[in-house]
Amino acid sequence: FLARQQQWREFLGRDNAANAEMAAVQRLAGSAALAAAAASGGTVRLVVSLDHVREFDAALAALVVQRPGEAVAALEAAATDAVRAAAAGGGVEAGLVQVAVGFSGAFGGNQVTPRGLRARLVGQLVCVEGIVTRCSLVRPKVVRSVHYAAATRTFYAKGYADATAGGAGPAAGSAAYPTTDDSGNALTTEFGLSRYADHQTVGLQEMPERAPAGQLPRGVDVLLDGDLVDAVKPGDRVAMVGVYRALGGRGTTSASAVFRTVLVASAVRVFGAGSLAMAGGGGGGGIGAAAAAGVPGARALADGDVRNIHAVARRGDAFELLAQSLAPSICGHAAIKRALLLQLVGGCERNLANGTHIRGDINVLMVGDPSTAKSQVLRYALRIAPLAIATTGRGASGVGLTAAVVSDADTGERRLEAGAMVLADRGVVCIDEFDKMADADRVAIHEVMEQQTVTVAKAGIHTTLNARCSVLAAANPVYGRYDPRRAPHHNIALPDSLLSRFDLLFVVADSMDEARDRTISEHVLRMHRY
């Protein structure tokens, strides 16, 4: 352990102009978080780049990934000494501060989704990308308890380290809470002298756009401690770095050797849903460089793709070309294709200085006769959009679209679970058979379509979640077919308050015209021919 600690000291103190870790130590030593932790004996976090460790010593980086229990404890001890020394140089007393270490950078084969977590990764350092679907309440977890024996007037202290603590695993010894000392004298707990740490459990699920077609998205429970609690909320897309660990639960018996697995997180990074915009926003690296660097959600583009993009951008009819390229198997519907293109690109969101929020997302509703390719247009939007979630009128409830308050199976407490529109933040929600939705469920999406938030006030939970999504909906008229002799609001069985929230409303009529039918049939034959 001491040899490993000395190796980490050399890494942190290496004489290098680009020593980002020592610069982070200096920043941490002068931060307000350190002063707060010094007063309460808490923990601060230092994020170390795995790429820098790999440049320093490849074997050490491999040890961190393969056996973090051996390497991370020595690194935390070395980082604690470095931070305390830097704080002492700045005149801050940080003798009680402990430093927790998180990791960033490229993880290679250990960068997975919840579906890729397998038995070979148990006990290793992994980076898991997904979407947060639920968050538990923040609970205190005892770290060090102090007890007083009145008979002998003696204080006793006991430290606790469970299976979710850092290092190789739980500490040796009993984790039972003491009620008597060795002589049998009764102990009373001094709650004011005991130390506690924040603890939270979040659910991380596979992103809907990355789940294989026809399969349910997989999920994993993530344990957050200390400063990481409340770092994420339902609907956030995150990359969480931590140790994949197996815990013995209530279901683990001598007859069943199945263990519950969790991710004990040490670093959390939140990223956006827009893959190309997020990848190109790194400044100078470009999209391909971002994908090569392991940026979550980035797509790698070949040189030929980049040349084609620039060539299309220089054309004067780029908008018409892109609109015609949407759903090429569908004949006609030129105006709908232009609207769909504008919806996928998105409008310009405004957040004014006085606090006013003006949405930039475009909501589109298509109402028309059956067999006019409305559902096909929705399917094309699902395939093209970087983030899109599909649902139907009958298969969606109000809480399923917005947010639900459910009971936790482990603790019995109430927690919040995000719905489809919260999960589709910065994306598109496609709702088919919109007219079949129950009125009580349809009311739930009024707030989402205009204010772009979901406000929950149930079971003692009061919160507001972001739901900045565009809505693409398809519905049938009242009598099955659109009647041109009636006014539009008589054909559409939707309330005016909901129709006013749709920016574009298209009436798709199946008119009986021989020339139009011949054009459609030729288009279908041409598609099957080539």
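## Section: the overall build of the chain
Here's step 1: Of the regular secondary structure elements, the chain holds 19 helices and 22 strands.
Here's step 2: For the chain, the proportion of its 530 residues judged to be buried stands at 41%.
Here's step 3: Across the chain, the fraction of contacts at a sequence separation of at least 24, relative to all contacts at a separation of at least 6, is 67%.
Here's step 4: Summed over its atoms, the accessible surface of the chain is roughly 26,900 Å², and 54% of this surface lies on carbon and sulfur atoms.

## Things to note about the side chain of Thr-372
Here's step 1: Summarising the element assignment, Thr-372 is placed in the loop between strand 14 (364-368) and helix 12 (374-384).
Here's step 2: The contacts of Thr-372, once residues within four sequence positions are left out, are His-333, Val-508 and Asp-510.

## What to know about the nonpolar core
Here's step 1: Counting 40 residues, the largest nonpolar core has Trp-8, Leu-46, Val-48 and Phe-103 as its most contacted members.
Here's step 2: Look past the residues within four positions of Phe-103 in its chain and what remains in contact with it is Val-47, Val-48, Leu-50, Val-64, Val-72, Leu-75, Leu-125, Val-241, Ser-266 and Ala-267.
Here's step 3: Counting 36 residues, the second largest nonpolar core, distinct from the first, contains Ala-418, Phe-434, Val-471 and Leu-498.

## Overview of empty space enclosed by the protein
Here's step 1: One pass over the structure, following the stated rule, counts two cavities of 30 Å³ or more.
Here's step 2: There is about 50 Å³ of room inside the largest cavity.
Here's step 3: As for the largest cavity, its lining consists of Lys-233, Pro-234, Gly-235, Asp-236, Val-422, Asp-425, Leu-465, Asn-466 and Arg-468.
Here's step 4: For the lining of the largest cavity, a count of residues per class yields three nonpolar, two polar and four charged.
Here's step 5: For the second largest cavity, the calculated volume is near 40 Å³.

## Details of the pairing of strand 5 (residues 139-149)
Here's step 1: Strand direction decides the pairing type here: strand 5 and strand 8 (residues 195-205), joined by five bridges, are antiparallel. The partner of Lys-141 across the bridge, within strand 8, is Ala-197.
Here's step 2: Note: strand 5 against strand 6 (residues 154-159), six bridges, orientation antiparallel. Looking at the pairing, Arg-144 lines up with Gly-159 of strand 6.
Here's step 3: Of the strand pairs in this sheet, strand 5 and strand 7 (residues 187-189) are connected by three bridges, and their pairing is antiparallel. Bridged to Ala-149 within strand 7 is Leu-187.

## Notes on the pattern of salt bridges
Here's step 1: Scanning all chains against the criterion turns up 20 salt bridges.
Here's step 2: In this structure, Asp-317 and Arg-315 form a salt bridge, with 3.0 Å as the shortest nitrogen-oxygen distance.
Here's step 3: Given the relative accessible area of 37%, Asp-317 is considered partly exposed.
Here's step 4: Look at the salt bridges and you will find they share partners, linking Arg-134, Asp-221 and Arg-260 into a network.

## Things to note about the packing of aromatic side chains
Here's step 1: The tally for this structure, following the rule as stated, stands at two aromatic pairs.
Here's step 2: Their ring planes at 85 degrees and their centres at 5.8 Å tell us that Phe-434 and Phe-502 sit as a pair that is edge-to-face. One end of the pair, Phe-434, is in the loop between strand 18 (428-432) and helix 15 (439-442); the other, Phe-502, is in the loop between helix 18 (496-499) and strand 22 (504-508), with 68 residues separating them in the sequence. A single burial state applies to Phe-434 and to Phe-502, both of which are buried.
Here's step 3: A cation sits over an aromatic face here: Arg-383 above Tyr-380, 4.7 Å from the ring centre.

## Re the environment of Gln-7
Here's step 1: Note that Gln-7 resides in helix 1 (residues 2-12).
Here's step 2: In this structure the C-alpha to C-alpha distance between Gln-7 and Ala-74, which are 67 residues apart in sequence, comes to 8.9 Å.
Here's step 3: Among all residues touching Gln-7, those that are not within four sequence positions of it are Phe-56, Asp-57 and Leu-60.

## What to know about the packing of helix 1 against helix 5 (residues 58-66)
Here's step 1: Two numbers describe how helix 1 lies on helix 5: the axes approach to 12 Å, and their chain directions differ by 115 degrees. Handedness of the helix 1/helix 5 crossing: left-handed. Contacts between helix 1 and helix 5 involve Arg-4, Gln-7 and Trp-8 from the first element and Leu-60, Leu-63 and Val-64 from the second.
Here's step 2: Looking at the contact of helix 1 with helix 5, its residues break down into four nonpolar, one polar and one charged.

## What about the pairing of strand 18?
Here's step 1: Taking burial as the measure, the five residues of strand 18 include five buried ones, the bulk of the element.
Here's step 2: Burial along strand 18 is two-sided: the face carrying Val-428, Cys-430 and Asp-432 and the face carrying Val-429 and Ile-431 are both buried.
Here's step 3: Where strand 15 (residues 388-392) lies against strand 18, five bridges are found, and the strand directions are parallel. Counted as the bridge partner of Ala-388 is Val-428 from strand 18.
Here's step 4: Taken together, the four bridges between strand 18 and strand 21 (residues 470-475) define a ladder with parallel strand orientation.

## Thoughts on unusual backbone geometry
Here's step 1: The backbone of Asp-230 sits at a positive phi, close to 60 degrees, despite the residue not being glycine.
Here's step 2: Structurally, Asp-230 is set in the loop between strand 9 (219-225) and strand 10 (237-247).
Here's step 3: With a phi close to 55 degrees, His-333 is a non-glycine residue in the positive phi region.
Here's step 4: Along the polypeptide, His-333 turns up in the loop between helix 10 (318-325) and helix 11 (334-345).

## A few points about the sheet that holds strand 21
Here's step 1: Taken in spatial order, the five strands of this open sheet run 15-18-21-14-22, and their pairing is parallel. Looking at the sheet topology across the chains shown, the edges are occupied by strand 15 and strand 22. Strand-to-strand twist of the sheet, defined as the mean angle between neighbouring strand axes without regard to direction, takes the value 15 degrees.
Here's step 2: In the packing of helix 11 onto the sheet, contacts are made with strand 14, strand 18, strand 21 and strand 22, and the angle to strand 22 comes to roughly 150 degrees.

## Some remarks on the side chain of Arg-115
Here's step 1: Structurally, Arg-115 can be placed in the loop between strand 3 (111-112) and strand 4 (125-135).
Here's step 2: With a relative accessible area of 13%, Arg-115 lands in the buried category.
Here's step 3: Of the polar contacts made by the side chain of Arg-115, one reaches the backbone oxygen of Leu-216; its length is 2.8 Å.
Here's step 4: In contact with Arg-115, not counting residues within four places along its chain, are Glu-206, Pro-212, Gln-215, Leu-216, Pro-217 and Arg-218.

## Examining the confidence of the model for the chain
Here's step 1: Taken as a whole, the chain shows an average pLDDT of 78; of its residues, 85% reach a score of 70 or greater.
Here's step 2: Every residue in residues 273-297 scores below 50 in pLDDT, and together they form 35 contacts with partners more than four places removed in sequence or on other chains.

Thresholds applied
Residues numbered from 1 in each chain as written. Predicted model: local features only at pLDDT ≥ 70, side-chain atom pairs only at ≥ 80, totals over all residues. Heavy atoms only, no water. Helix = DSSP H or I, 4+ residues; strand = E, 2+ residues; numbered from the N terminus. Buried < 20%, exposed > 50% of the residue type's maximum accessible area, 1.4 Å probe, protein only. Contact = heavy atoms within 4.5 Å. Areas by Shrake-Rupley, 256 points an atom, 1.4 Å probe, with all protein chains shown as cover. Core = buried A, V, L, I, M, F, W, Y, C linked by side-chain atoms within 4.5 Å. 1 Å grid on protein atoms, 1.4 Å probe; cavity = no way out; pocket = protein on both sides within 12 Å on 5 of 7 lines; lining within 4 Å. Points joined across faces, edges and corners; volume = space filled by probe spheres on them. Nonpolar A, V, L, I, M, F, W, Y, C, P; charged D, E, K, R; others polar. Pairing = 2+ DSSP bridges. Salt bridge = Lys/Arg side-chain N within 4 Å of Asp/Glu carboxyl O. Phe/Tyr/Trp six-rings, centres within 6.5 Å; stacked < 30°, edge-to-face > 60°. Lys NZ or Arg CZ within 6 Å of the ring centre and 35° of its normal. Axes fitted to C-alpha atoms, helices over the stretch in contact; angles between N-to-C directions. Left-handed = near helix turned anticlockwise from the far one by under 90°. Polar contact = N/O pair within 3.5 Å; in protein donor to acceptor, adjacent residues only side chain to side chain. pLDDT = per-residue confidence, 0-100.

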